[in-house]
Amino acid sequence: MTDAGVLHVKGRVLAGPDDVRDELWVVDGRISYDRPVRPGLDVTTVDGWALPGLVDAHCHVGLDTHGPVPAETAEKQALTDRDAGTLLLRDAGSPSDTRWVDDREDLPRIIRAGRHIARTRRYIRNYAHEIEPEDLVAYVAQEARRGDGWVKLVGDWIDRGTGDLGACWPRDAVEAAIGEAHRLGARVTAHCFAEDSLRDLVEAGIDCIEHATGLTDDLIPLFAERGVAIVPTLVNIATFPDLAAGGEQKFPRWSAHMRRLYDRRYDTVRSAYDAGIPVYVGTDAGGSLAHGLVAGEVAELVRAGIPPVEAVSATAWGARKWLGRPGLEEGAPADLVVYGADPRADVGVLGSPRRIVLRGRVVG
């Protein structure tokens, strides 16, 4: 398809859970449901099942196990996501300035949360601003201004004094910080593995919790009442047994805790979904995990007991609505993926895109 051409997608267009159409057109880079009438247009036709470009709501472009990476490495990360059909990324914390990604027509769109904000010596080295509670408001304000409407806190991490996971921030500090982020128009999310940081964060007004392995029966109604979303990152939680084994000798309490969180991971996610807590797809790619794992994360949500159509929504129309980005609406930018079969019937289809259209151009 050339810049002056038109793409015709026919078969089934999944614009929403109850919005299925027979065809769409990509004209001048945008979605149209009306057949173009201009003469002489070069039309390329693709048959299949079309979805909005997939969403990874928790990844880290510009980051690896050691910290920030060069721009060429970040570019490869973003291209790997794109080639897997992931066309919208919520970068949940990165020490690299990746705003240039959005300026590239061949790369996914990115929503940046700025750099992680962590307690001193309570997170992975070279990842975060490491500060004390009295500075939390100022750093949240700084990252709210630098990002694209999100701020990322580290809510808990291993406490070397207790040898186990522990909350990082006092209640008054997170209340003030979240209030400041909201005043500046940003939402706040937090890395949380364990149980004891969750109540304070939710009651302080947080918008989302990453991982959320510490959700318990007494906390689930609070999350549901407040509408706090979770991004479980189950493909990352799968690494907990190896992490626990590596820390067994030095931190046995932490290791045992990580194993318990792992063992109940599917029950936790299913209980959250059953209670009406919004659940979205995220992979935690970019630290120790590879990019391009969204299809695997959707499959994990289904294993946890989330119905396939809802698991697809968590990376497609539902995730885009939550992040304030369009899907396959009339006039929307044409970011879409075409598959050979209905992903609602078999989410494994998501691992094999037939065509990828980004910003109105076929890129795969």
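Note: the structure precedes this text.
In this numbering scheme, every chain counts its residues from 1 along its sequence in written order. Selection of residues for local features in this predicted model requires a pLDDT of at least 70, selection of side-chain atom pairs for listing and counting requires 80 or more, and totals for whole chains, interfaces and linings are taken over all residues. The side-chain quantities take in all heavy atoms of the structure and omit both hydrogens and water.

Caption draft 1: Just the overall build of the chain, in detail. Helix and strand definitions here come from DSSP, where helices need a minimum of 4 consecutive H or I residues and strands a minimum of 2 consecutive E residues; each element is numbered from the N-terminal end. Secondary structure summary: the chain contains 12 helices and 20 strands in total. For 364 residues, the compact-globule estimate of 2.2 N^0.38 gives 21 Å, and the chain sits close to it at 21 Å. Principal-axis analysis of the C-alpha atoms gives the chain an extent of 70 × 40 × 35 Å. Scored against the burial criterion, the 364 residues of the chain give a buried share of 54%. Contacts are assigned to residue pairs with any non-hydrogen atoms lying within 4.5 Å of each other. Sequence separation of 24 or more characterises 65% of the internal contacts of the chain that already satisfy a separation of 6 or more. Accessible surface area values rest on a Shrake-Rupley calculation with a 1.4 Å probe, where residue burial reflects the displayed protein chains alone. For the chain, the computed accessible surface area is about 14,600 Å², with 47% contributed by carbon and sulfur atoms. Positive charges come from Lys and Arg alone, negative charges from Asp and Glu alone, with His and the N- and C-terminal ends not counted. Lysine's charge is taken at NZ, arginine's at CZ, aspartate's at CG and glutamate's at CD. Charge centroids of the chain, computed over 43 positive and 56 negative side chains, lie 2 Å from each other. In this setup the radius of gyration rests on C-alpha atoms only. A globule is expected at 2.2 Å times the number of residues raised to 0.38. Three exposure classes are used, based on accessible area relative to the maximum for each residue type with a 1.4 Å probe and protein chains only: buried under 20%, partly exposed in between, and exposed over 50%.

Caption draft 2: Broad picture of the pattern of salt bridges. Only one rule defines a salt bridge in this text: a Lys or Arg side-chain nitrogen within 4 Å of an Asp or Glu carboxyl oxygen. All told, the structure shown has 25 salt bridges when counted by the stated rule. In this structure, the salt-bridge partner of E210 is R90, at a minimum N-O distance of 2.6 Å. One end of the pair, E210, is in strand β16 (residues 208–211); the other, R90, is in strand β8 (residues 86–91), and 120 residues separate them in sequence. Residue class for E210 comes out buried when judged on its relative accessible area of 0%. Between E195 and R264 there is a salt bridge, with its nearest N and O atoms 3.0 Å apart. You can see E195 sitting in the loop between β15 (187–192) and α4 (198–203) and its partner R264 sitting in the loop between α8 (252–263) and α9 (265–274), a full 69 residues away along the chain. One continuous salt-bridge network, built from bridges that share partners, spans R171, E175, R199, D200, E203 and D218.

Caption draft 3: Up close: the side chain of R109. Take R109: it is sitting in strand β9 (residues 109–112). Definition of a polar contact: a pair of N or O atoms within 3.5 Å, with one able to donate and the other able to accept a hydrogen when the atoms are protein atoms, and with sequence-neighbouring residues admitted only if both atoms are side-chain atoms. Within the structure, the side chain of R109 is placed 2.4 Å from the side chain of D335, a separation counted as a polar contact. Setting aside chain neighbours within four positions, we find R109 in contact with L87, L88, L89, D102, R325, P333, D335 and R359.

Caption draft 4: View of the pairing of strand β12 (residues 150–154). For β12, the tally of buried residues reaches 5 of 5 residues, placing the bulk of the element in the interior. Residues of β12 alternate between two faces, with W150, K152 and V154 on one and V151 and L153 on the opposite face, all of them buried. Any two strands with at least two DSSP-identified bridges between them are counted as paired. In the sheet, β12 pairs with β15 via 5 bridges, with the strands oriented parallel. Within β15, the residue paired with V151 across the bridge is V188.

Caption draft 5: Quick peek at the pairing of strand β19 (residues 355–358). Both strand β18 (residues 336–339) and β19 contribute to a ladder of 3 bridges, which runs antiparallel. Within β19, the residue paired with L336 across the bridge is V357. Inspection of the sheet shows β19 paired to strand β20 (residues 361–362) by 2 bridges, in the antiparallel sense. The residue of β20 that forms the bridge with L358 is R361. The turn joining β19 and β20, which pair antiparallel and follow one another in sequence, is formed by 2 residues; a positive phi near 55 degrees is taken by R359.

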